[in-house]
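# Per-entry structural report
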Protein chains: 2
Amino acid sequence: MVRPRFARLPPAQQQAILRAALDEFATHGFHDASLNRVIDAAGISKGSMYYYFDDKADLFAHVARVEFERLLADVGPVARPPEPGPDAFWSAVERFYRDALTRLAAHPRVASLARTWLGASENPALQRAQLELEATVMPWLERVLVLGQSSGAVRTDLPSDLLIAVAIGMGRAMDTWLLSRPPDDTAPPPTGALVGMLRRALEPQT
Amino acid sequence: MVRPRFARLPPAQQQAILRAALDEFATHGFHDASLNRVIDAAGISKGSMYYYFDDKADLFAHVARVEFERLLADVGPVARPPEPGPDAFWSAVERFYRDALTRLAAHPRVASLARTWLGASENPALQRAQLELEATVMPWLERVLVLGQSSGAVRTDLPSDLLIAVAIGMGRAMDTWLLSRPPDDTAPPPTGALVGMLRRALEPQT
DNA sequence: AACCGGCGTAGACTGATGGTCGAACCGGTG
DNA sequence: CACCGGTTCGACCATCAGTCTACGCCGGTT
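Residues numbered from 1 in each chain as written. Chains lettered and ligands numbered in written order. Predicted model: local features only at pLDDT ≥ 70, side-chain atom pairs only at ≥ 80, totals over all residues. Heavy atoms only, no water.

Under the annotation held in an unreviewed UniProt entry, chain A carries the name Regulatory protein TetR and is attributed to Pseudonocardia dioxanivorans.

Taken together, 16 residues lie around DNA strand D, and Tyr51 and Tyr52 of chain A together with Ala33, Leu35 and Lys56 of chain B are the ones closest in. The sugar-phosphate portion of DNA strand D accounts for 63% of its atoms within 4 Å of the protein, the bases making up the rest. Asn36 of chain B is positioned with one of its side-chain polar atoms (N or O) 3.2 Å from a phosphate oxygen of DNA strand D. Counting residues per element, the surface near DNA strand D draws most heavily on helix α4 (residues 46–52) of chain A, at five residues. Taken together, the residues of the surface near DNA strand D break down into five nonpolar, five polar and six charged. (Near = heavy atom within 4 Å. Polar contact = N/O pair within 3.5 Å; in protein donor to acceptor, adjacent residues only side chain to side chain. Helix = DSSP H or I, 4+ residues; strand = E, 2+ residues; numbered from the N terminus. Nonpolar A, V, L, I, M, F, W, Y, C, P; charged D, E, K, R; others polar.)

Further remarks concern the protein's contact with DNA strand C. Around DNA strand C there are 16 residues in total, and Ala33, Tyr50 and Lys56 of chain A together with Tyr51 and Tyr52 of chain B lie nearest to it. Atoms of DNA strand C within 4 Å of the protein belong to the sugar or the phosphate in 65% of instances, the rest to bases. One nitrogen or oxygen atom from the main chain of Ala33 of chain A is found 2.9 Å from a phosphate oxygen belonging to DNA strand C. Contact distances for DNA strand C include 2.8 Å between a phosphate oxygen and a side-chain N or O atom of Tyr51 of chain B. When residues of the surface near DNA strand C are traced back to their parent elements, those giving at least two are α3 (35–42) and α4 of chain A together with α4 (46–52) of chain B. Among the elements that make up the surface near DNA strand C, the one with the highest residue count is α4 of chain B (five residues).

In the superposition of chain A on chain B (RMSD 0.2 Å, axial shift 0.1 Å), the rotation amounts to 179°. Expressed as a symmetry operation, the mapping of one chain copy onto the other fits a two-fold axis. Mapped onto chain B, 100% of the interface residues of chain A again fall at the interface, so both copies present the same surface. (Least-squares fit on C-alpha atoms with pLDDT ≥ 70 in both. Contact = heavy atoms within 4.5 Å.)

The next thing to look at is the UniProt feature "DNA-binding region" (unreviewed entry) in chain A. UniProt annotation of "DNA-binding region" (unreviewed entry) refers to residues 34–53 of chain A when read in the numbering used here. For residues 34–53 of chain A, helix accounts for 75% and strand for 0%, while the C-alpha atoms at its two ends are 15 Å apart. (UniProt positions renumbered as here; feature names shortened; annotations may be inferred.)

Moving on, we come to the interface of chain A and chain B. Contact residues are listed per partner, giving 32 residues for chain A and 32 residues for chain B. At the boundary of chain A and chain B, one finds zero salt bridges. Inspection of the region where chain A meets chain B yields five residue pairs in polar contact (both at pLDDT 80 or more). Among the secondary structure elements, those contributing two or more residues to the side of chain A that touches chain B are α9 (160–180) and α10 (191–202) of chain A. With 11 residues, α9 of chain A is the largest single contributor of residues to the side of chain A that touches chain B. In terms of residue class, the side of chain A that touches chain B is built from 18 nonpolar, eight polar and six charged. (Salt bridge = Lys/Arg side-chain N within 4 Å of Asp/Glu carboxyl O.)

Turning to empty space enclosed by the protein, a few remarks are in order. Residue and element names in this part refer to chain A. All told, the structure shown has two cavities of 30 Å³ or more when counted by the stated rule. Looking at the largest cavity, its volume works out to about 1000 Å³. Lining the largest cavity we find 35 residues, and of these Phe96, Tyr97, Trp140, Leu141 and Gly171 sit closest to its centre. Mapped by element, the contributors of at least two residues to the lining of the largest cavity are α5 (56–75), α6 (86–106), α7 (108–118), α8 (124–150), α9 and α10. (1 Å grid on protein atoms, 1.4 Å probe; cavity = no way out; pocket = protein on both sides within 12 Å on 5 of 7 lines; lining within 4 Å. Points joined across faces, edges and corners; volume = space filled by probe spheres on them.)

What follows deals with the packing of aromatic side chains. The tally for this structure, following the rule as stated, stands at 18 aromatic pairs over all chains. When the centroid spacing of 5.2 Å and the interplanar angle of 75° are considered together, the rings of Tyr51 of chain A and Tyr52 of chain A count as edge-to-face. Residue classification places Tyr51 of chain A among the partly exposed positions, given a relative accessible area of 43%. A centroid spacing of 5.6 Å and a plane angle of 75° characterise the contact between Phe30 of chain B and Phe60 of chain B, whose relative ring orientation is edge-to-face. Of the two residues, Phe30 of chain B sits in the loop between α2 (11–28) and α3 (35–42) while Phe60 of chain B sits in helix α5 (residues 56–75), which places them 30 residues apart along the sequence. Here Phe30 of chain B falls in the buried class, since its relative accessible area comes to 3%. Phe60 of chain B gets classed as buried once you look at its relative accessible area, which sits at 0%. (Phe/Tyr/Trp six-rings, centres within 6.5 Å; stacked < 30°, edge-to-face > 60°. Buried < 20%, exposed > 50% of the residue type's maximum accessible area, 1.4 Å probe, protein only.)

So, about the pattern of salt bridges. Inspection of every chain in the model, using the stated rule, returns 22 salt bridges over all chains. Of the charged contacts in the structure, one is a salt bridge between Arg65 of chain B and Glu69 of chain B, with a shortest N-O distance of 3.8 Å. Note that Arg65 of chain B and Glu69 of chain B are positioned in helix α5 at a spacing of four residues, about one turn of the helix. Several salt bridges share partner residues, and in doing so they unite Arg65, Glu69 and Glu132 of chain A into one network.

All names here are of chain A. By secondary structure assignment, the location of Glu24 is in helix α2 (residues 11–28). A residue is classified by how much of its surface remains accessible, and Glu24, at 8% relative accessible area, is buried. From its side chain, Glu24 meets the backbone nitrogen of Ser34 in a polar contact 2.9 Å long. Residues contacting Glu24, with those up to four places away along its chain left out, are Gly29, Asp32, Ala33, Ser34, Arg37 and Val38.

And the structure:
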């Protein structure tokens, strides 16, 4: 967990550290990111770094949390649909998905960070950081889930955590697939088909 | 790529190396696995290890490939259903899924290896190994996909690689969720509901 | 018997990593 | 001035993956 001291640092120095860390993690992932490079780029000593952060994973969790919170605030919540019913809910989800993709395309470093986060189940050191990050993202996801269920758009016969896990898994798969498309493919991503698959997996059975 | 020399080693020594590597990777994942520990446990020198394997990722890929091939051979293919039609295909898939879960429960080290493989998109070194492993697993997956499509059980309006990516993502999510259940939960895993979600995401739209 | 070439082994060595630690520094207070 | 808590520093540590040189052994050739 970031030490509270960090918040008392002059904002300029906080920024320097966070930007250096964001650059390093975004371009090298977690494992191949080098703390030595971060402290060089940030212009601080190793001692100072460990004075403010528990370890490498803690630094990663903090910079990721800051960036994700900014992103979620930017994109805005999945709006409670004006009219009731599943269709309105799912089109709100699709609108959010499209917006988020647009935002991520405009901030490639944050996109890279998100991908590192989603794809880092392997590293035990990162798993602690995962927990901290989930504390940021999960409540948000759960609100969306409950909204969907109260709209009759999401099934209620399976545990919430399973539904969320499946949604995340599908989202990660779609993201990976979108990334693997050649960059010169100017066609807009088929968000309709992707959200449609998510919908059919999660909506109540008739 | 494993050097062909490795196959000419006395089987006992091959076994010693593979078993040491399996133990290490299964209990520590990829990144935290230590080659030094592997060579100690296997009773060989570092020079010998690098005489037979390109690097750490190569060793991982080899041991994973050996174990996965053994697993797939054990469980057997997704049988071409005796009668035609989507229902028969999807119940064959469920049967395979249940069998595979049973086999993995009986071989926890292999299960751990599979989890390391699925969750290792982050590490660039492992990505080369991923490619090698995919050469083992993907053809198998594609055969299943084509079988499903020819049974009318799987949609044909989206690219195959997207369908496969989504299926893998859902499988990984379900596996993670199954793992997170308390170990004293003796209820059999809800494979029906899980394969049902997969089915609704992948089957043709009416 | 003497020699040779190469396969396989050994382990010291390299450069880098994440993380630790004690010393030094600095602004404020008595 | 003396002290002190919060902060900064960088040398240092263990360990890592990977490299490199030396060497022992063995089968074949002369």
